[in-house]
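Report on the structure
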Amino acid sequence: MRVMGSETEYGIHAPAAPGANATMMSARVVQAYAQVTRLRAAGGAETRWDYTDEEPLHDARGWTLERGQAHPSQLTDQPPVLDAEAVALAYGREELELDGEDESGSLLMNMVLGNGARLYVDHAHPEYSSPEVTNPAAAVAWDAAGDLVGLAAVRRLASDTELPAVNLYKNNTDNKSVSYGSHENYLMPRSVPFGDIVRGLTPFFVSRQIICGSGRVGMGQDSSRSGYQISQRADFFEAEVGLETTIRRPIINTRDEPHATADKYRRLHVIIGDANLSQVSNYLKFGTTAMVLSLIEAGLAPRIEVHEPVAALQAISHDTTLTTKIRLLDGRRVTALDLQWMYHEAAAKLAQDTGVSDAIDGDGHTHAVLERWATTLTQLDSDRAAAATSVEWLAKLSILEGYRQRDGLQWDDARLGLVDLQWADLRPEKGLYYRLLSRNRMQRIVDDAGIAAAVTEPPSDTRAYFRGRCVSSFSKDVVGASWDSVIFDVPGYGRLQRVPTREPLRGTKALTGGLFDRHREAAPFLAELLGSAPAPPPA
Amino acid sequence: MAGQEQQQPQPRDTEVEEEVPVPPAPADAQASASTQGVDDLLDEIDGVLESNAEEFVRAFVQKGGQ
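Please read these numbers as outputs of a predicted model, since none were measured by experiment. (Residues numbered from 1 in each chain as written. Chains lettered and ligands numbered in written order. Predicted model: local features only at pLDDT ≥ 70, side-chain atom pairs only at ≥ 80, totals over all residues. Heavy atoms only, no water.)

**Let's talk about the overall build of chain A**
The secondary structure content of chain A amounts to 19 helices and 20 strands. Against the globule reference of 24 Å for 539 residues, chain A gives a C-alpha radius of gyration of 23 Å, in line with a compact fold. Overall size of chain A, expressed as C-alpha extent along the three principal axes, is 75 × 60 × 50 Å. Taken across its 539 residues, chain A has 62% of its residues classed as buried. The contacts of chain A with a sequence gap of at least 6 include a subset with a gap of at least 24, amounting to 70%. (Helix = DSSP H or I, 4+ residues; strand = E, 2+ residues; numbered from the N terminus. Rg over C-alpha atoms; globule rule 2.2 N^0.38 Å. Buried < 20%, exposed > 50% of the residue type's maximum accessible area, 1.4 Å probe, protein only. Contact = heavy atoms within 4.5 Å.)

**With respect to the confidence of the model for chain B**
Residue and element names in this part refer to chain B. This prediction gives chain B a mean pLDDT of 66; 44% of its residues lie at or above 70. When mean pLDDT is compared element by element in chain B, helix H4 (residues 53-59) scores highest at 96, while helix H1 (residues 15-19) scores lowest at 42. Confidence over residues 29-35 falls short of pLDDT 50; this stretch has 15 contacts with residues more than four positions distant or in other chains. Taken over the whole predicted complex, pTM reads 0.88, whereas the ipTM for its chain interfaces reads 0.88. (pLDDT = per-residue confidence, 0-100.)

**What about the environment of Asn110 of chain A?**
Residue and element names in this part refer to chain A. As for its placement among the helices and strands, Asn110 is situated in strand S6 (residues 110-112). Judged by its relative accessible area of 6%, Asn110 is buried. It is 6.1 Å that separates the C-alpha atoms of Asn110 and Trp49, two residues lying 61 residues apart in sequence. Engagement of the side chain of Asn110 in a polar contact is seen with the side chain of Arg118, the distance being 3.0 Å. (Polar contact = N/O pair within 3.5 Å; in protein donor to acceptor, adjacent residues only side chain to side chain.)

**A look at the interface of chain B and chain A**
Chain B puts 45 residues into the contact, and the matching count from chain A is 72 residues. A buried area of about 5000 Å², summed over both sides, lies between chain B and chain A, and 55% of it is on carbon and sulfur atoms. Applying the counting criterion to the chain B and chain A interface returns seven salt bridges. Connecting chain B to chain A are 14 residue pairs in polar contact (both at pLDDT 80 or more). Within the residue set of the side of chain B that touches chain A, elements represented by two or more residues are helix H2 (27-34), helix H3 (39-48) and H4 of chain B. Among the elements that take part in the side of chain B that touches chain A, H3 of chain B stands out by supplying eight residues, more than any other. (Buried area = accessible area lost by both parts, 1.4 Å probe. Salt bridge = Lys/Arg side-chain N within 4 Å of Asp/Glu carboxyl O.)

**Things to note about the sheet that holds strand S3 (residues 48-49) of chain A**
All names here are of chain A. The mixed open sheet is built from four strands, whose spatial order is S3-S18-S19-S20. Both edges of this open sheet fall to S3 and strand S20 (497-500), since each of them pairs with a single strand only. Looking at chain direction, strand S19 (residues 485-488) and S20 are connected through four bridges and run antiparallel. Among the inter-strand pairings, Ser485 is bridged to a residue of S20, identified as Pro500. Packing of helix H17 (residues 464-473) onto the sheet brings it into contact with strand S18 (478-482), S19 and S20, and relative to S19 it is tilted by some 25 degrees. (Pairing = 2+ DSSP bridges. Axes fitted to C-alpha atoms, helices over the stretch in contact; angles between N-to-C directions.)

**Re the packing of aromatic side chains**
All names here are of chain A. Inspection of the entire model under this criterion finds 16 aromatic pairs over all chains. When the centroid spacing of 6.3 Å and the interplanar angle of 80 degrees are considered together, the rings of Phe204 and Trp373 count as edge-to-face. A residue pair is termed long-range when its members are at least 10 positions apart, and Phe204 in helix H6 (residues 194-207) and Trp373 in helix H11 (residues 366-382) qualify at 169 residues. The buried category is assigned to Phe204, whose relative accessible area is 0%. What makes Trp373 buried here is its relative accessible area of 0%. Where Tyr433 meets Tyr434, the ring centres are 5.1 Å apart and the plane angle is 70 degrees; that geometry is what we call edge-to-face. When sorted by exposure, Tyr433 lands in the same class as Tyr434, which is buried. Connected via pairs of aromatic rings, a cluster forms that spans Tyr465, Phe466, Phe474, Phe488, Phe516 and Phe525. (Phe/Tyr/Trp six-rings, centres within 6.5 Å; stacked < 30°, edge-to-face > 60°.)

**Some remarks on the sheet that holds strand S15 (residues 265-270) of chain A**
All names here are of chain A. Spatial ordering of the open sheet is given by S6-S7-S8-S1-S10-S15, a layout of six strands whose pairing is antiparallel. Of all strands in the sheet, those bounded by a partner on one side alone are S6 and S15. Sheet twist, expressed as the average angle between the axes of neighbouring strands with direction ignored, equals 20 degrees. Where strand S1 (residues 4-9) and strand S10 (residues 182-189) come together, five bridges link them in antiparallel fashion.

Here it is, written out as structure tokens:
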């Protein structure tokens, strides 16, 4: 369908050590997963991130923000460094001094995984960025694989009796004014004018929360009002278009960091989504958005302009009856369901006209997404009990309403806040989403075996295959990697060999699988790949 | 993907009802339909919820994020 991927920042909490430094805890999560994979694979799999091509200050509207003008959190092209203060807070100053060495320098903050993903410390959260995939079912699988990666780290840390256990939560807010993101990325041709993307996507993003919102107890950024709303993120958006991701969050983000051949592609960075545990919500989030991008590329997006999109986004989030009507600039008043149906209708027509939804000759995904989308919208309108088995905010609401009825709880009761939080706990014995899943109350797109495989296997049909196989096959010789490079340090080569991977659809199993099968050692692998013998070391 | 479920859109037989404008059901009435059979699930959840809800929720404080 389209190259896409997910990024999930996890909420992190050590109940036994409420004051623990969040960056330090996040580093422990990455470190723990490195230990888990080393035990399993006997190979480092702790490849460092290559920051060379990161361009977080490039704006898709055609300019670059000056470094001095950027918020510190926007400088994601620098490796994070723990200062002595953070280390001391976590381990105790005396221990640090006794140890006599700068532990911050040895702490692992970044890994490239054998499945092609990246696991790292993003400021104060552990973050998992999935490998590039080409369809929404794969996006669900490799995104859910990140939850298993986090779970493995949590288990490892729980077995350490010296330090407090850490919990990870796949949610987006602490309900005390802080929000952390779950981002999506979609590859697009650079030739599409950015203004078209803004116009085409804004009404869609304002309304798509009704199929993929995760639900939230609390209204307003600081939950100063009680109640339940559709989206975890909606109240944290303050602008229509912009480069920021941590302040003045915009509905359309303009970060222009293609991680690919820059004059050919843009990587559309989407920051408005909720982190999803529900597979169907996640599937629809990726599948429908990819189709709307196809509409925009074809110049066929519905001509809709929402009056005050940020206010509309929040009004829709605050109304679980889905009856709120928002104003369009042409005077129409429509519900979120109306907006979604307009997009569905246009997407279905384009898919039919181009043949991508054809049962035999189609792309194998568009037809399924269109059907699931229509079914979900129909259920949201008339059969909410059915929708509650797939739409995340409704599934969570069904438990919360159960508590409200059985125990007579008001929305500001702490137990409902706990249900909201614990819904997203990654541990299956604690996480309420997983309790529903184990009772077959949540529908699946991918089975457990498929998700488990995605923890170790890269997707076969993107450059993530090359990255992942390099990391797992030649771990001792791969010293760095990024979305668009793999860096080898191989004996016999005079200097580091940086293999660029700028085409997201190259480096596939079909193209490079044989190469990996033919070579057990990095040097001959590289020689065949680069078509040359090792260069002599510099004199 | 393995295990993919396809849910076919069902032909709708409720169109007669739909032609009559119905005021939106109150949230409680909508919820009662979706909470049928939830009781034993709630019992299970009671057993896994963290013990001190108020303290636990209050202590869940996050630093800035994207």
